[in-house]
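One letter stands for each residue in the lines below.
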Amino acid sequence: MKFFIDTANLDQIREAHKLGVLDGVTTNPSLMAKEHIRGEEACNRHYVEICRMVGGDVSAEVIATDFEGMIREGEALAALDPHIVVKLPCTADGIRAVRWFADRGVRTNCTLVFSVGQALLAAKAGATYVSPFVGRLDDISEDGVGLVAHIVRVYRTYGFKTQVLAASIRHTHHIIQCLDAGADVVTCPLQAILGLLKHPLTESGLAQFLADHARVNQE
Ligand code: G3P
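A brief structural summary. (Residues numbered from 1 in each chain as written. Predicted model: local features only at pLDDT ≥ 70, side-chain atom pairs only at ≥ 80, totals over all residues. Heavy atoms only, no water.)

Topic: the overall build of the protein
Basically, it comes down to this: Think of it this way: any DSSP run of H or I at least four residues long counts as a helix, any run of E at least two long counts as a strand, and we number them from the N terminus. Accessibility here uses a 1.4 Å probe with only protein chains present; expressed as a share of the type maximum, an area under 20% marks a residue as buried, one over 50% as exposed, and anything in between as partly exposed. Here, residues are in contact when the closest pair of their heavy atoms is within 4.5 Å. Here the open area of atoms and residues is found with the Shrake-Rupley method and a 1.4 Å probe, where only the protein chains shown may cover a residue.
Tallying secondary structure elements over the protein gives 11 helices and eight strands in all. Overall, the protein is about 75 × 40 × 30 Å in size when its C-alpha atoms are taken along their principal axes. Taken across its 219 residues, the protein has 48% of its residues classed as buried. Nonlocal contacts in the protein, meaning residues at least 24 apart in sequence, comprise 56% of its contacts between residues at least 6 apart. Summed over its atoms, the accessible surface of the protein is roughly 11300 Å², and 54% of this surface lies on carbon and sulfur atoms.

Below, the structure is given as structure tokens:
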């Protein structure tokens, strides 16, 4: 199981990386915009900095929506660093681009996936990762975790190698639910990762240990 952080914020990536459990990073154009990174050169520098910091897979998304543009942008992104995974939207041109890159050994993440049918096409095209968006389905009263479980079932039945990367994770419980559903990767905001650490019995237990230690050592 792999554990990614879903952000373009360098401080948050650094903080998660310091825990020693981070396998990679996913970004998207909205997350890059949130960091006020403007222009192709600045974006490229940012991706390279993330790659150097983490040393794991870093998804970098194309902006083009046409096949030729996706190939041009994807090739430039993949040339930045061996850790870059080219992120492509699950559209007809995106699926064609996934196939094009797969045929040339370039790893891809097929994103904005909201159905098993889309995930099937991503796998058939040879995507390295497929990204079902859990939280956004929950937002419209659909079952995001259920979709992850369904994709995992279909992929296992037919032996697809594409890894299921649960995205749009909104809270800590989503992480556990996606693991239960068999996701290969979960990409999460920092707060959801830190939430995994929290348990009141850990906090009260530690406070008790420290109080007992201090009492005896003061005697
Ligand atoms: O990486 C894309 C995905 O995680 C987006 O999440 O919270 O904007 O739905 P969210």
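Some points on the site of the ligand
We count it as follows: The cutoff for a nearby residue is simple: one of its non-hydrogen atoms must lie within 4 Å of the molecule or strand. Under this definition, polar contacts are N or O atom pairs within 3.5 Å; protein pairs additionally need one hydrogen-donor-capable and one acceptor-capable atom, and for neighbouring residues in sequence, both atoms have to be side-chain atoms. Any residue with an atom within 4 Å of a point lines the site, the site being either a cavity, points on a 1 Å grid over the protein atoms alone where a 1.4 Å probe fits but cannot get out, or a pocket, an open set with protein on both sides within 12 Å along at least 5 of 7 lines. In this description, a molecule resides in a pocket or cavity if more than half of its atoms sit within 2 Å of the grid points defining it.
The environment of the ligand is formed by D6, N28, K87, F133, R136, A167, S168 and R170. The side chain of R136 places a nitrogen or oxygen atom 2.7 Å from an oxygen atom of the ligand. A distance of 2.9 Å is found between an oxygen atom of the ligand and a side-chain nitrogen or oxygen belonging to R170. About the coverage of the ligand: the protein hides 82% of its 310 Å² of free accessible area. Because more than half of its atoms lie within 2 Å of the grid, the ligand is assigned to the largest pocket.

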